[in-house]
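# Structural overview for review
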Amino acid sequence: MAAAVTSNRFGWPDYLVVGGCLFGSAAIGFYYAYRGHKKTTVDSYLLGERNMNVIAVGISLIVTFFTAIMYTGVPAEGYLLGAGFAYYAAGIMVSCLVVAFVFVPVLYPLKLTTTYEYLHRRFDSKSLRVMAASCGILNSLLLSALTTFASAVAIASVSDIPVLASISVMTLLATIYTSLGGLKAVVWTDVFQYIIMLIGVLSVLIMGTAKVGGVHEVIRLCTLGGRMNHPTQVNLDSVKHRRVLNQREICPSGNLTDKVCHFDEKFGGR
């Protein structure tokens, strides 16, 4: 039992990966701070001079929705709901198409910094812009606090790093590379972290599948566990954790709202 517990704790390779990720993120911020210190303008700092690489910006937008909540919650939801969780992916795809072909062609030519600026122009109301921006800031603060805490709890469960120490380091690091390097640092840090996350997910997927006995064995076990159910087999009971009428899997408007509201500096950077 002791050996099993020990194997689930961080070893020096794990600390090396975490340390390398933190160092790489900070290094990107310092690099762009040094590179652009002679020609720093509002347009460069907030919008990346509107000429950033489209693939990097796209990856950065994707990473915006990748949080510790998603990494821990999505597998749990998939485990509980089985194939019914496919509604979530369907909602994302529909909302992305709507945003890309309906909203972006309207908003991008306006050279906006945020969607709140569009509300000001469209309705000629500064109070509406301030109210919407305040709601957006409050939402970001609450979400950031929750995701940072979830990350710290996850780290504390497999290491000797206290929750408060993890929160402090992550918050300080993000503040440093964002304030020093501006949007360019944020975008390329997101790309760097995306690569790390992708390697981690693929490693778990490949090693887990191999350990179980292959893809066919995974499918067999999922079928026996009732997790290969048809996506239409959704529980309509409103007292259950997943209320269909209030979920993005059924009604993609949740994803649509998220993505429209995230038409921020990253779109302007492109």
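All of these numbers come straight from a predicted model, not from anything done at the bench. (Residues numbered from 1 in each chain as written. Predicted model: local features only at pLDDT ≥ 70, side-chain atom pairs only at ≥ 80, totals over all residues. Heavy atoms only, no water.)

Turning our eyes to something else, we now look at the overall build of the protein chain. In terms of regular secondary structure, the protein chain is built from twelve helices and zero strands. Secondary structure elements of the protein chain, listed N to C terminal, follow the sequence α-α-α-α-α-α-α-α-α-α-α-α. The buried share of the protein chain, taken over its 270 residues, is 27%. In the protein chain, the proportion of contacts linking residues at least 24 apart, taken out of those at least 6 apart, comes to 75%. Here the protein chain has roughly 17,100 Å² of accessible surface; of this, 71% comes from carbon and sulfur atoms. (Helix = DSSP H or I, 4+ residues; strand = E, 2+ residues; numbered from the N terminus. Buried < 20%, exposed > 50% of the residue type's maximum accessible area, 1.4 Å probe, protein only. Contact = heavy atoms within 4.5 Å. Areas by Shrake-Rupley, 256 points an atom, 1.4 Å probe, with all protein chains shown as cover.)

With that settled, consider helix α6 (residues 86-107). Between its first and last C-alpha, α6 extends 30 Å over 22 residues, near the 32 Å set by a 1.5 Å rise per residue. Of the residues making up α6, those classed as buried are Tyr88, Gly91, Ser95, Val99, Val104 and Leu107. (Expected span 1.5 Å × (residues − 1).)

Moving on, we get to the pattern of salt bridges. One pass over the structure, following the stated rule, counts three salt bridges. Here glutamate 217 makes a salt bridge to arginine 220, at a shortest N to O gap of 2.6 Å. Residue glutamate 217 and its partner arginine 220 are both found in helix α10 (residues 215-224); the two are separated by three residues, about one turn of the helix. (Salt bridge = Lys/Arg side-chain N within 4 Å of Asp/Glu carboxyl O.)

Considering every residue of the protein chain, the mean pLDDT works out to 78; 80% of them sit at 70 or more. Across the protein chain, the element-wise mean pLDDT spans from 43 in helix α11 (residues 253-261) up to 90 in helix α7 (residues 115-123). In this model, residues 1-6 is a region of pLDDT below 50 whose contacts with residues beyond four sequence positions or in other chains number zero contacts. Note on residues 241-265: pLDDT is under 50 here. Beyond four places in sequence and across chains, it has 60 contacts. (pLDDT = per-residue confidence, 0-100.)

As for its position among the elements, aspartate 190 is in helix α9 (residues 163-212). One polar contact links aspartate 190 to serine 60, side chain to side chain, over a distance of 2.6 Å. (Polar contact = N/O pair within 3.5 Å; in protein donor to acceptor, adjacent residues only side chain to side chain.)

A separate point is the nonpolar core. Counting residues in each nonpolar core, the largest one holds nine residues, listed as Met52, Ala56, Val57, Ile59, Leu61, Val63, Leu183, Val187 and Val191. Going through the elements one at a time, α4 (54-64) and α9 are the ones with two or more residues in this core. Among the elements that take part in this core, α4 stands out by supplying five residues, more than any other. (Core = buried A, V, L, I, M, F, W, Y, C linked by side-chain atoms within 4.5 Å.)

A separate point is the environment of glutamine 193. Tracing the backbone shows glutamine 193 in helix α9. Here the alpha-carbon distance between glutamine 193 and serine 60, two residues 133 residues apart in the chain, equals 9.4 Å. Once you skip the residues sitting within four places of it in the chain, glutamine 193 turns out to touch Cys21, Ser25 and Tyr177.

Time to look at the packing of helix α2 (residues 12-35) against α9. Running from amino to carboxyl end, α2 crosses α9 at an angle of 70 degrees, the nearest separation of the two axes being 7 Å. With respect to α9, the axis of α2 lies roughly perpendicular. Taken together, the residues of α9 that come into contact with α2 (itself represented by Gly20, Cys21, Leu22, Gly24, Ser25, Ala26, Ile28, Gly29, Phe30, Tyr32 and Ala33) are Val169, Leu173, Ile176, Tyr177, Leu180, Gly181, Lys184, Ala185, Trp188, Thr189, Phe192 and Gln193. Looking at the contact of α2 with α9 residue by residue, the classes come out as 15 nonpolar, seven polar and one charged. (Axes fitted to C-alpha atoms, helices over the stretch in contact; angles between N-to-C directions. Parallel < 35°, antiparallel > 145°, perpendicular 65-115°, else oblique. Nonpolar A, V, L, I, M, F, W, Y, C, P; charged D, E, K, R; others polar.)

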